[in-house]
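Residue-level structural notes
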Amino acid sequence: MAMNRGISGAGLHRSRGGGSRFPLAILIVFALLVPLVFFVGRGLRVTVVADRDDVSIGTSKQNVDWRERLALQHVKSIFTKEVIHAVTASTSDMGPLSLDIFKKNNLSASWKVFGAKTSVVDTSEPNQVAADVKKETPKEKKDHSSDDRAQFVGKPADLARRQLREKRREKRASELVQKDDETTVKLENAAIERSKSVDSAVLGKYSLWRKENENENSDSTVRLMRDQMIMARVYLSIAKMKNTVDLYQQLQVRLKESQRALGEATADSDLHQSAPERIKAMGQVLSKAREQLYDCKLVTGKLRAMLQSADEQVRLLKKQSTFLSQLAAKTIPNAIHCLSMRLTIEYYLLPPEKRRFPRSENLENTKLHHYALFSDNVLAASVVVNSTVMNAKDSSKHVFHVVTDKLNFGAMNMWFLLNPPGKATIHVENVDEFKWLNSSYCPVLRQLESAAMKEYYFKAAHPTTLSSGASNLKYRNPKYLSMLNHLRFYLPQVYPKLDKILFLDDDIVVQKDLTGLWSVNLRGKVNGAVETCGESFHRFDKYLNFTNPHIARNFDPNACGWAYGMNVFDLKEWKKRDITGIYHKWQNMNEDRVLWKLGTLPPGLITFYGLTHPLEKSWHVLGLGYNPSVDRAEIENAAVIHYNGNMKPWLELGMTRYRSYWTKYIKFDHPYVRSCNLSE
């Protein structure tokens, strides 16, 4: 029994001894795993967190480094490198070796957590947290959540280098962001500047919503046929040069067929129904020609020659167009000629006592407003008079002095006898009855009778107008041969009893009352006119030959030009300064047309140089006979609009957009007007 008890006791003691050794082994393993969890599991990085006032509550950096080295020595002596790498690779906060997981799931009552971040464990007291964690607000926790991620740092030097690299990356990133912002601002400013320079009117022409842009290939068949015909002509020339007779004949036949099918069509809808067949046949022949005749240099040379020929043809057509427009400007339409002839016949059928106008006593009354109108166009003169009277506040104060030639004298009288201008006074004279206006007194008449001038105008062997150019053709207009055009330089001689007169051309329309012009102070000048010069045009150097010493010595090339058509003349000042004598002097010097070409504006600029008072531009708006872009507001606001240029409103080539201002003063219901087929 004793032995049994002894054995049993010995066994019992052995069991107890074994039991005491087992907890010791557990403690050793746990002691090794704690550093592994707290140091290796966190990437061997210990972070010391400061509170809001940046006061450190952990141990010193030397103690931390000492613990790290001690932990690493224990770990390296037990585990292999592969195990250590596997453990250190797990750096996620939510991983199995995360301190956060340990803190949340296995936290004992002896641990105290003041914030979200882990503090350093103080080994001097095993059951107490050695460093407090700064308590953060929810916003701060969100902003710094990325700091909770563990990063592996082998040595403090590596940590310093990593922090330096982070700073450099942040600095570089901020620089790039700043540069990007600056570039964006520059691009935006450049885009704004480009948008300012874009003309919205031009953009409108290319709007995708316009009908002509609905189909990119509109009239593509017409263009295809024209292209085929061009290439056919090229290969036709090459085939003839290379003596390829069969292909030459085929191309010639197909070219004629395409020409007949195309005709004068400008749109696909105008093409003949056989056009598709002609295109197909021509395509086959061109394909054959390309295989046999194509040579890059030859084709290029032929196309270049065709282009040069087309350019020459365009230039010739432009000259012809200019010639025809100048010719049309010289002519009087058949309807107006018909009206003049009918009125002339009726006038000479009248008894002499019925040919007189009423109120002839007003013709020399200086208290009234006098107008001078020199014209051989009955219809144009009627528009000037009618528009002036209809827009006058008191028509009885207006007196019209009309001068025409012998051919139109009867017609002009008859028209105003049949259509008296209300209460206004009118008088018609014949320029051929001015006996004082002869070649011995007037230099222009003497020059027009000279052999040189007759040769310039009338000689049959004179070079064609096309070869001599349109600029010379302009000055061969018959109006420069008529004294009606030069009579404006003899106003005091024509109207010796008047003190002031308003000169009107026959291609103007009056839209407002002109009474205010008689109260304009000319400040001692002779001529009141609207200036026409801009920045660099309509100045003296455009009208006068400044290579001539007489012109260069006496006039300023940059002096501003002015317009004839509506001019206020002070006849008292005219006589005092002998304006007609000045005109005669310069006209005699220009007998060979070396100072200026023919016309009345250049001698007018010379004669009234320094003697012209500028009027407000709204009194007289010009350009309706040549400029299609005159501002509509300027036209509506103008007292007088002027159809200066070749496109007169009574001609077919007149611009339709301006014609209504002129036609509204014509009596289209008049029997003579209807009988001559005059219509709007």
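Residues numbered from 1 in each chain as written. Predicted model: local features only at pLDDT ≥ 70, side-chain atom pairs only at ≥ 80, totals over all residues. Heavy atoms only, no water.

1. Quick notes on the overall build of the protein chain
Counting its regular elements, the protein chain contains 28 helices and 10 strands. Long-range contacts, defined as pairs at least 24 residues apart, comprise 74% of the intrachain contacts of the protein chain with a sequence gap of at least 6. (Helix = DSSP H or I, 4+ residues; strand = E, 2+ residues; numbered from the N terminus. Contact = heavy atoms within 4.5 Å.)

2. Brief notes about the nonpolar core
Within the largest apolar cluster, 63 residues are counted, with the highest numbers of intra-cluster contacts made by Leu502, Leu514 and Leu517. The element that contributes the greatest number of residues to this core is helix α13 (residues 378-390), accounting for eight residues. In this structure, leucine 514 is in contact with Tyr371, Leu502, Trp619, Ala639 and Val640, ignoring residues within four places of it in sequence. Within the second largest apolar cluster, 44 residues are counted, among which are Cys442, Phe540, Trp562 and Ile606. (Core = buried A, V, L, I, M, F, W, Y, C linked by side-chain atoms within 4.5 Å. Buried < 20%, exposed > 50% of the residue type's maximum accessible area, 1.4 Å probe, protein only.)

3. Section: the packing of aromatic side chains
Each aromatic ring pair is specified by the distance between its two centres and by the angle formed by the two planes. Summed over all chains, the structure comprises 23 aromatic pairs. An angle of 5 degrees between the planes, with centres 4.0 Å apart, marks the rings of phenylalanine 489 and tyrosine 583 as stacked. Placement of the pair is phenylalanine 489 in the loop between α19 (483-486) and α20 (491-494) and tyrosine 583 in helix α24 (residues 579-589), with a sequence separation of 94 residues. When sorted by exposure, phenylalanine 489 lands in the same class as tyrosine 583, which is buried. The ring of tyrosine 294 has arginine 290 lying over it, and the distance from NZ or CZ to the ring centre is 4.6 Å. For the cation-ring pair, arginine 488 lies above tyrosine 564, with the distance from its terminal atom to the ring centre recorded as 4.6 Å. (Phe/Tyr/Trp six-rings, centres within 6.5 Å; stacked < 30°, edge-to-face > 60°. Lys NZ or Arg CZ within 6 Å of the ring centre and 35° of its normal.)

4. Considering the sheet that holds strand β9 (residues 620-621)
Two strands in a sheet stick together by hydrogen bonds in their backbones, pointing the same way (parallel) or opposite ways (antiparallel). The strand order β5-β10-β9 describes an open sheet built from three strands, whose pairing is mixed. At either margin of the open sheet sits one strand with a lone partner, and together these are β5 (508-510) and β9. With two bridges joining them, β9 and strand β10 (residues 640-642) adopt parallel strand pairing. Across the sheet, the residue bridging to valine 621 is isoleucine 641, located in β10. (Pairing = 2+ DSSP bridges.)

5. Describing the confidence of the model for the protein chain
With 68% of its residues at a pLDDT of 70 or more, the protein chain has an overall mean of 77. Looking at the elements of the protein chain, mean pLDDT is at its lowest for helix α7 (residues 200-205), recorded as 39, and at its highest for strand β2 (residues 398-404), recorded as 97. Contacts for the low-pLDDT stretch residues 37-61, under 50 throughout, to residues beyond four places or in other chains number 62 contacts. (pLDDT = per-residue confidence, 0-100.)

6. A word on the sheet that holds strand β4 (residues 500-504)
Across the sheet, which stays open at both edges, the seven strands sit in the order β3-β2-β1-β4-β7-β6-β8 with mixed pairing between neighbours. One side of each edge strand has no neighbouring strand; the edge strands of this open sheet are β3 (425-430) and β8 (612-614). Averaged over all neighbouring strand pairs, the angle between strand axes comes to 25 degrees, with direction disregarded. Here strand β6 (residues 527-529) runs beside β8; their pairing, made up of three bridges, is parallel. Pairing of alanine 529 across the sheet is with proline 614, part of β8. Contacts from α13 reach β1 (369-374), β2, β3 and β4, with the element oriented near 160 degrees to β1. (Axes fitted to C-alpha atoms, helices over the stretch in contact; angles between N-to-C directions.)

7. Some details on the pairing of β1
Where burial is concerned, most of β1 is hidden: six out of the six residues are buried. In β1, alternate side chains face the same way, and those of His369, Tyr371 and Leu373 on one face and His370, Ala372 and Phe374 on the other are all buried. Crossover β1 to β2 through α13 is right-handed. Relative to β4, β1 is paired through three bridges, and the arrangement is parallel. By the bridge assignment, tyrosine 371 is partnered in β4 with leucine 502. (Right-handed = clockwise from strand over helix to strand, strands pointing away.)

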